[in-house]
Each structure stands twice: as C-alpha cells, then as structure tokens.
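# Descriptive structure summary
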Amino acid sequence: MTVRSARPRLVVGSLTGLAIMAGTLGFAVAAPAQAAPAKNEQRAGQAVVQTDVLSADAALTIADAAMKEAAKRRQRVTVVIVDRSGVTRLVLKGDGAGPQTEESARRKAFTAVSFGRTTSELGKGVTGGGPNIADIPGTLFLGGGVPVASGGAPIAGIGVGGAPSGDIDEAIAQEGLKAVAGRLR
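What you see is a predicted model, and the numbers here were worked out from it, not measured in a lab.

### A short note on helix α2 (residues 56-72)
With 17 residues, α2 should cover 24 Å at 1.5 Å per step; its first-to-last C-alpha distance of 24 Å lies within 8% of that length. Summarising the contacts, the buried residues of α2 are in contact with β1 (78-83), β2 (88-93), β3 (145-150), β4 (153-161) and α5 (166-178).

### Some points on the nonpolar core
Of all hydrophobic cores here, the largest spans 24 residues; its most connected members are Leu 54, Val 79, Ile 81 and Val 148. Ranked by the residues each element gives to this core, the list is headed by α2, at 7 residues. The next biggest cluster of nonpolar side chains, apart from the first, holds 5 residues, and it includes Val 80, Val 82, Ala 105 and Ala 109.

### Focus on the packing of aromatic side chains
Across all of its chains, the model carries 1 aromatic pair by this definition. Both rings, one in Phe 115 and one in Phe 141, keep their centres 6.1 Å apart while their planes meet at 50 degrees; by these two values the pair is tilted. Of this pair, Phe 115 sits in helix α3 (residues 101-115) while Phe 141 sits in the loop between α4 (119-124) and β3, placing them 26 residues apart in sequence. When its relative accessible area of 31% is taken as the criterion, Phe 115 is described as partly exposed.

### Quick look at the packing of α2 against α5
It is the contact of α2 with α5, at a shortest axis distance of 7 Å, that shows an interaxial angle of 140 degrees. Judged by the inter-axis angle, α2 sits oblique to α5. Seen from above, α2 lies across α5 with right-handed handedness. Residues Ile 62, Ala 65, Ala 66, Glu 69 and Ala 70 of α2 lie in contact with α5, whose contacting residues are Ile 172, Glu 175, Gly 176 and Leu 177. When grouped by side-chain class, the residues that make up the contact of α2 with α5 number 6 nonpolar, 1 polar and 2 charged.

### Considerations on the pairing of β4
Counting buried positions along β4 yields 9 of 9 residues, so the element is predominantly enclosed. Across 6 bridges, β1 lies against β4 in antiparallel orientation. Directly across from Val 82, in β4, lies its bridge partner Gly 157. For β3 and β4, the ladder comprises 6 bridges, and the chain directions are antiparallel. Note on β4: the bridge partner recorded for Pro 147 is Gly 157.

### Side note on the environment of Asn 132
Within the secondary structure, Asn 132 sits in the loop between α4 and β3. Asn 132 has contacts with Val 126 and Thr 127, leaving out every residue within four places of it along the chain. Within the structure, Asn 132 has its side chain in polar contact with the backbone nitrogen of Ala 134 (distance 2.8 Å).

### Some details on the pattern of salt bridges
Tallied over the full model, the rule gives 9 salt bridges. Among the ionic pairs, Arg 117 bridges to Glu 121, the shortest N-O distance being 3.2 Å. Classification of Arg 117 as partly exposed rests on a relative accessible area of 37%. Take Glu 121: its relative accessible area is 39%, and that puts it in the partly exposed class. Members of the salt-bridge network, linked through shared partners, are Glu 69, Lys 72 and Arg 73.

The rules behind these values
Residues numbered from 1 in each chain as written. Predicted model: local features only at pLDDT ≥ 70, side-chain atom pairs only at ≥ 80, totals over all residues. Heavy atoms only, no water. Helix = DSSP H or I, 4+ residues; strand = E, 2+ residues; numbered from the N terminus. Expected span 1.5 Å × (residues − 1). Contact = heavy atoms within 4.5 Å. Core = buried A, V, L, I, M, F, W, Y, C linked by side-chain atoms within 4.5 Å. Buried < 20%, exposed > 50% of the residue type's maximum accessible area, 1.4 Å probe, protein only. Phe/Tyr/Trp six-rings, centres within 6.5 Å; stacked < 30°, edge-to-face > 60°. Axes fitted to C-alpha atoms, helices over the stretch in contact; angles between N-to-C directions. Parallel < 35°, antiparallel > 145°, perpendicular 65-115°, else oblique. Left-handed = near helix turned anticlockwise from the far one by under 90°. Nonpolar A, V, L, I, M, F, W, Y, C, P; charged D, E, K, R; others polar. Pairing = 2+ DSSP bridges. Polar contact = N/O pair within 3.5 Å; in protein donor to acceptor, adjacent residues only side chain to side chain. Salt bridge = Lys/Arg side-chain N within 4 Å of Asp/Glu carboxyl O.

None of the figures reported here should be taken as evidence of function without further support.
Below is the structure:
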C-alpha cells in the first residue's frame, strides 16, 4: 500500500480555488490591460512585460513644485498623482483646499493618463448629444490633468483641482511636470 501526502493536493486545490474566486469576483488573473507597451517588440508568448513606473521621489518632486506654483498664484488646491493603471500614488491637499478638490484632481489625473493627453485638450473634443468618452466612469474633462510620459507612453497622470478655472489648475500641474522633465526618458 502506497501512502501519498495530502499536501500537493491541498496546494493544487487551494490554487484552483483562488483562480475560481478571482474569476468569479472579476479580478484579473493576468497582467493589467492598460500596461504601457514595452520599449522593444514583444515576442509571441512572452509571459512577463516590464513597464516604466514614476518613482516615489519624482511624484514628491512634482507635487512639491505644483504646490509652490499654487502658492505663488495664491490658489488653494489639491494635487493627485496616479500610476498608469489609474491607481492613486500620491495626494497632497493644500491648506484651505475645498472638499471637492481631491476627487476632481484624482479624476483629472486618471483621465490624463488614460488618454495620454491633457484634460483641457480632451475636453475640446467632448461635444454632441450622444454617448462619448465623457461617459466613461471616473473621467473628468476639465482642465487640470496632465499626463507624464516616458519613452512616448504615459506612465502617470497629474491632476490639480481647486483653482477657479481649469487653465490655472493645468498651469500648476505643468509646473509640477517641469520639475522632473529632465529626468524622464
């Protein structure tokens, strides 16, 4: 009589259960669909893709420069930086910034990185009575969102909210981007 260990079956069973749960709950099992393309041509069947990510140091530098510009302009704003997947990496809410500024800044940053263009530029194309890109959940097509690109692909988004107009928010975000422009590839 051969005695088998239950451990391999337990591990395989657990992994199978996790895969089923992930599919049931809608979690992605593979790499994110919005990952920035690799710099070199990908080989067929490649299982690992490397993407550029904005460093925490660069995000802090951007936020600091943006807040300094806001102070020069006497604006009470919030700065939000999101990664390529739209996940919030940094929130810096300035003194006196209103409660709505964080959400608007986050949505502007998300929109900028999603489409790889400034939100003011994208907002010009949102017209008509039918469905359009403005109907996509989480987006906001007011000025103040600026993409951060490396190697020609968006890797992050900067959103600023709180100034009385989107062009001021965008100018503040652009100052933040300028602070790291020489360090982006």
